[in-house]
Amino acid sequence: METLKWNTEMDGRLRAFVTSGKSYGQIAKEFGTTRSAIAGRCNRIGLKASSQPLPPKPDMPLEYGHVPPVQDPPPAGVTFRQLRDSHCRFPINNGKPEYFFCGEQQLPGESYCEFHYFVTHEVAANA
Ligand SMILES: [Zn+2]
């Protein structure tokens with residue numbers, strides 16, 4: 001195959017093909033030459049064909065993570081007189097003259113509700 005003689009007009013076409021996103025192979029067909037001839041010319045005049053187009057960057061929404069809701073202590077509470085067998089026995093100081101207890105449903109076999117069960121066991125574990 002005859003070596004392609006490049007001129008400014010052809011360089012202009014080459015540049016147009018490259019910038020329009022054609023691959024070296026496609027441009028080679030346009031010029032009736034080989035892919036390597038196109039690649040060599042592009043290299044010489046500083047062109048780069050987008051034979052491997054960059055994958056589009058997905059717009060990743062910022063995830064702030066699913067923060068588990070902070071477990072609040074159950075709202076107080078019941079007085080001693082209101083206290084029943086199934087009520088959590090965790091004492092709560094409400095600043096009121098009468099002593100309040102949690103009053104939430106006890107865990108089976110425990111004196112405390114789920115929240116205070118873990119509170120008391122964490123305290124015990126850290127002691
Ligand atoms: Zn409780």
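These numbers come from a predicted model, not from an experiment.

Student: An account of the overall build of the protein chain is requested, with residue identities and associated values reported.
Tutor: What the protein chain contains, in helices and strands, is four helices and three strands. Taken over 127 residues, the protein chain has a buried fraction of 15%. At a minimum sequence separation of 6, the contacts of the protein chain that also span at least 24 residues come to 35%.

Student: I'd like a rundown of the environment of Glu-114, residues and numbers included.
Tutor: You can see Glu-114 is positioned in helix α4 (residues 114-126). Expressed as a C-alpha distance, the spacing of Glu-114 and Glu-104, which sit ten residues apart in the sequence, is 8.5 Å.

Student: Kindly report on the sheet that holds strand β3 (residues 100-101), identifying the contributing residues and their values.
Tutor: Strand order across the open sheet formed by three strands is β1-β3-β2, with antiparallel pairing between neighbours. The open sheet terminates on both sides in strands that have one partner only, identified here as β1 (78-79) and β2 (91-92). Across two bridges, the pairing between β1 and β3 is antiparallel. Directly across from Thr-79, in β3, lies its bridge partner Phe-100.

Student: How would you explain the packing of helix α2 (residues 24-31) against helix α3 (residues 35-45) if you had to name every residue and give the values?
Tutor: One can describe the packing of α2 onto α3 by two numbers: an axis separation of 8 Å at closest approach and a directional angle of 105°. The angle between α2 and α3 falls in the class roughly perpendicular. Residues Tyr-24, Gly-25, Ile-27, Ala-28 and Phe-31 of α2 form the contact with α3, whose participating residues are Arg-35, Ala-37, Ile-38 and Ala-39. Class assignment for the residues of the contact of α2 with α3 results in seven nonpolar, one polar and one charged.

Student: Account for the environment of Ser-86, with residues named and values stated.
Tutor: Within the fold, Ser-86 resides in the loop between β1 and β2. Here Ser-86 falls in the exposed class, since 11 other C-beta atoms lie within 10 Å of it. Ignoring sequence-local partners within four residues, the contact set of Ser-86 consists of Gln-105 and Gln-106.

Student: Requested: an account of helix α1 (residues 8-19), with residues and values cited.
Tutor: Relative to the 16 Å expected for twelve residues at 1.5 Å per residue, α1 spans 16 Å between its end C-alpha atoms, a close match to the ideal helical length. Within α1, burial applies to Leu-14, Phe-17 and Val-18. Each buried residue of α1 sits inside an arc of 95° when the element is viewed along its axis, so together they form one side. Facing away from the buried side of α1 by over 90 degrees, the exposed positions are Thr-8, Glu-9, Gly-12, Ala-16 and Thr-19. As for α1, its buried residues are in contact with α2 and α3. A positive phi of about 95° marks Gly-21, the residue just after α1.

So, how was this worked out
Residues numbered from 1 in each chain as written. Predicted model: local features only at pLDDT ≥ 70, side-chain atom pairs only at ≥ 80, totals over all residues. Helix = DSSP H or I, 4+ residues; strand = E, 2+ residues; numbered from the N terminus. Buried ≥ 20, exposed ≤ 12 C-beta atoms within 10 Å, placed from the backbone. Contact = placed C-beta atoms within 7 Å. Pairing = 2+ DSSP bridges. Axes fitted to C-alpha atoms, helices over the stretch in contact; angles between N-to-C directions. Parallel < 35°, antiparallel > 145°, perpendicular 65-115°, else oblique. Nonpolar A, V, L, I, M, F, W, Y, C, P; charged D, E, K, R; others polar. Expected span 1.5 Å × (residues − 1). Arc of directions from axis to C-beta.

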